[in-house]
Amino acid sequence: MTILGIETSCDETSAAVVRDGRLLSNVTRPQLFHAAYGGVVPELASRAHQQLIIPIVDRALSDAGVTQEELDGVAAVYGPGLIGSILVGLSFGKALAYGRGIPFVGVNHMEAHIVSNFIEPPHPGYPFVNLTVSGGHTQLVLVTAPLKYEVLGGARDDAAGEAFDKVAKLLGLEYPGGPAIDKLARKGDPNAIQFPRPYLDTDSYEFSFSGLKTSVLYYLRDARFDRESASRDEIFVNNVCASFQSAVVDVLVDKLVRAAKTFRVADIAVAGGVSANSALREALAEAAANNGLKLFIPKFEYCTDNGAMVAMAGYLKFVQGTSSSLELTAIPNLALS
Ligand code: KG4
Ligand code: ZN
């Protein structure tokens, strides 16, 4: 069974081919021009998807050595994400399936992130707890069986990656801010400033990072920090980065491990762009070792938004006999159920 997967929910245009559960190609084009605006501009994102969708799909097919005639099904993300962006990949995927007379299946973007742990071995065993941390989402999910989810908690306000990006902006660092903060934090002291650990003292699996971001804002204001002359305050900036990052990491790791213990699972998994963070990876590895848990993190190219996770999720759905009507529409706030 040969499946094409399409991802266009935010600012990456990506397509991939999976055959019988094995990834044959994965072609991703990030839209780097958004950096000039300090964040993703939805209208520009959807226009760029329109320009890129045909060349990216063609490239995914040619890299896989597969022709359109050999496809048995098409999968595309139908939410959550930016409506204009989702519509490009979804409409293209449905049209291709209709034109070729093959089935189509819609994929939830958050489900695809979880499935990114199954693109390459080793895979987590069921049940496991997955933490998806990206620019748009922070979500803790108990995965009980293939494609069966129980959402434990999510972001009440800013997602983890969004908090990284906003704090980076306060510090005058480039967009996206996660990698920039990660790099400077390595030279800073994580204990220099005691920023709050939101929701750490409750049993809830919800996340809230906007208060932490505001604490950083107040700290910078009280210190009369001027982001135009940030380069002169190297130690100060490094310490803010390390201390902020440490607060985010503490919350993410604590809640993931707590969920694993509560639901008595042996395996934990992480997905999404923030899982590239070096401090998070170190803390997760240490927490997993200390608690007898097995940790799974996909390769970086499968952590950020990609077609491979969509193609694999689509493949698993087709194998289970699931497909979607061509009337399926984009749902920007689609929940995982
Ligand atoms: O999954 P992703 O590529 O796109 C979304 O679906 O949002 O995640 C992008 C997010 C951005 O907020 C970016 O700042 C963050 O992931 N990120 C990082 C790191 N690399 C990317 N955050 C912290 N540390 C990193 N090394
Ligand atoms: Zn994503």
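Computed from a prediction, not measured in an experiment: that's the story for all the values here.

Concerning the site of ligand 1
Phase 1: In the neighbourhood of ligand 1, 19 residues make up the surrounding shell, with Gly-135, Asp-165, Asp-182, Gly-273 and Asn-277 lying closest.
Phase 2: In the model, an oxygen atom of ligand 1 is placed 3.0 Å from a nitrogen or oxygen of the Gly-178 main chain.
Phase 3: Between Asn-277 and ligand 1, the recorded distance is 2.9 Å, taken from a side-chain N or O atom to a nitrogen atom.
Phase 4: Elements with a contribution of two residues or more to the shell around ligand 1: α4 (160-170) and α5 (177-185).

Describing the sheet that holds strand β9 (residues 267-271)
Phase 1: Ordered in space as β8-β7-β6-β9-β10, the 5 strands form an open sheet in which the pairing is mixed. Of all strands in the sheet, those with a lone pairing partner are β8 (148-154) and β10 (294-296), marking the two edges. Here the strands of the sheet are splayed against their neighbours by 25° on average, with no regard to which way each runs.
Phase 2: The sheet contacts of helix α7 (residues 234-262) involve β6 (128-133), β7 (138-145), β8 and β9, and relative to β6 the element is tilted by about 160°.

Remarks on the coordination of the zinc ion (ligand 2)
Phase 1: Only His-109 (NE2), His-113 (NE2) and Asp-305 (OD) from the protein coordinate the zinc ion (ligand 2), and they sit 2.1 Å from it.
Phase 2: The coordination sphere of the zinc ion (ligand 2) comprises 4 donor atoms, whose angles at the metal cover 84 to 140°; the geometry is irregular.

Some details on the packing of helix α1 (residues 42-64) against helix α2 (residues 83-100)
Phase 1: Across the interface, α1 lies against α2 with an axial gap of 8 Å and an inter-helix angle of 25°. The angle between α1 and α2 falls in the class roughly parallel. Regarding α1 and α2, the two cross each other, and that crossing is right-handed. Contact with α1, carried on its side by Pro-42, Ala-45, Ser-46, His-49, Gln-50, Ile-53, Ile-54 and Val-57, involves Gly-84, Ser-85, Val-88, Gly-89 and Phe-92 of α2 and no other residues of that element.

Observations concerning the state of the cysteines
By definition, a disulfide links two cysteine residues through a covalent bond between their sulfur atoms.
Phase 1: Per the stated rule, a full pass over the model turns up 0 disulfides.
Phase 2: Its sulfur unpaired, Cys-303 is 16 Å from the next cysteine sulfur, which belongs to Cys-10.

A few points about the sheet that holds strand β5 (residues 104-108)
Phase 1: With mixed pairing, the 5 strands of this open sheet are ordered in space as β3-β2-β1-β4-β5. Taken across any chain shown, the strands that pair with only one partner, and hence form the sheet edges, are β3 (22-30) and β5. Averaged over neighbouring strand pairs, the angle between their axes works out to 20° when direction is ignored.
Phase 2: In this fold α2 packs onto β1 (2-7), β4 (73-79) and β5, with an angle of close to 155° to the strand it touches most, β4.
Phase 3: The strands touched by helix α10 (residues 307-319) are β1, β2 (12-19), β3, β4 and β5; relative to β1, the strand with the most contacts, the crossing angle is about 135°.

Section: the nonpolar core
Looking at soluble globular proteins, one finds that nonpolar side chains tend to be buried together.
Phase 1: Judged by nonpolar contacts, the single largest core of 48 residues is most densely connected at Leu-140, Phe-209, Phe-244 and Leu-252.
Phase 2: Not counting the four nearest positions on each side in its chain, Phe-209 is found in contact with Thr-138, Asp-157, Asp-158, Ala-159, Ala-160, Ala-163, Pro-198, Val-248, Val-251 and Leu-252.
Phase 3: Ranked by size, the runner-up nonpolar core spans 30 residues in total, among them Val-107, Val-141, Phe-296 and Met-312.

Concerning the side chain of Gln-245
Phase 1: As for its placement among the helices and strands, Gln-245 is situated in helix α7.
Phase 2: Exposure remark for Gln-245: the relative accessible area of 5% places this residue in the buried category.
Phase 3: In this structure the side chain of Gln-245 is engaged in a polar contact, spanning 2.9 Å, whose partner is the side chain of Asn-277.
Phase 4: Other than its neighbours up to four places away in sequence, Gln-245 contacts Phe-164, Ile-181, Asp-182, Ala-185, Asn-277 and Ala-279.

A look at the domain arrangement of the protein
One widely used convention gives an interface's size as the accessible area the parts lose upon coming together.
Phase 1: Domain boundaries in the protein define domain 1 (2-115 + 302-319) and domain 2 (124-297).
Phase 2: Each of domain 1 and domain 2 has a C-alpha centre, and the two are 27 Å apart.
Phase 3: Each partner contributes residues to the interface: domain 1 has 15 residues there, and domain 2 has 17 residues.
Phase 4: Surface buried jointly by domain 1 and domain 2 totals about 1,300 Å² across both partners, of which 71% is contributed by carbon and sulfur atoms.

Parameters and conventions
Residues take numbers from 1 onward in each chain, read along the sequence in its written order. A letter from A marks each chain and a number from 1 marks each ligand, given out in the order of writing. Whole-chain, interface and lining totals are the exception, using all residues; otherwise, since this is a predicted model, local features are given only for residues with pLDDT of at least 70 and side-chain atom pairs are given and counted only at 80 or more. The basis for every side-chain value is the complete set of non-hydrogen atoms in the structure, without hydrogens or water. Nearness is defined per residue: one heavy atom within 4 Å of the molecule or strand is enough. Identification of polar contacts relies on pairs of N or O atoms within 3.5 Å, with a donor-acceptor requirement for protein atoms, meaning one able to donate a hydrogen and the other able to accept it, and with residues adjacent in sequence counted only if both atoms are side-chain atoms. Strands here are runs of E lasting at least two residues and helices are runs of H or I lasting at least four, both read from the DSSP assignment and numbered beginning at the N terminus. Being paired, for any two strands, means DSSP has found at least two bridges between them. Only the stretch in contact is used when fitting a helix axis, every axis being a line fitted to C-alpha atoms; angles between N-to-C directions are given from 0 to 180 degrees. It only takes one pair of heavy atoms within 4.5 Å for two residues to be counted as in contact. Metal donors: N, O and S atoms at distances within 2.8 Å, or within 3.2 Å for Na, K and Ca, with water omitted from the atom set so that some sites may seem incomplete. The rule is simple: four donors are tetrahedral if all their angles sit between 85 and 135 degrees, four are square planar and six octahedral if opposite donors span more than 155 degrees and the others lie between 65 and 115, and anything that fits none of that is irregular. When describing relative orientation, an angle under 35 degrees is termed roughly parallel and one over 145 degrees roughly antiparallel, while 65 to 115 degrees is termed roughly perpendicular and anything else oblique. If you view the pair so one helix is near and one far, a crossing is left-handed when the near helix is turned anticlockwise from the far one by less than a right angle, and right-handed when it is turned clockwise. The disulfide criterion is simple: two cysteine sulfur atoms within 2.5 Å. In these notes, a set of buried Ala, Val, Leu, Ile, Met, Phe, Trp, Tyr and Cys residues joined through side-chain atoms within 4.5 Å is what counts as a nonpolar core. Note on classification: 1.4 Å probe, protein chains only; a residue is buried when its accessible area is under 20% of the maximum for its type, exposed when over 50%, partly exposed between these limits. Segmentation into domains, and thus their bounds, comes from an automatic or database assignment. Buried area is understood as the total, over both parts, of accessible area removed when two parts are fitted together, assessed with a 1.4 Å probe.

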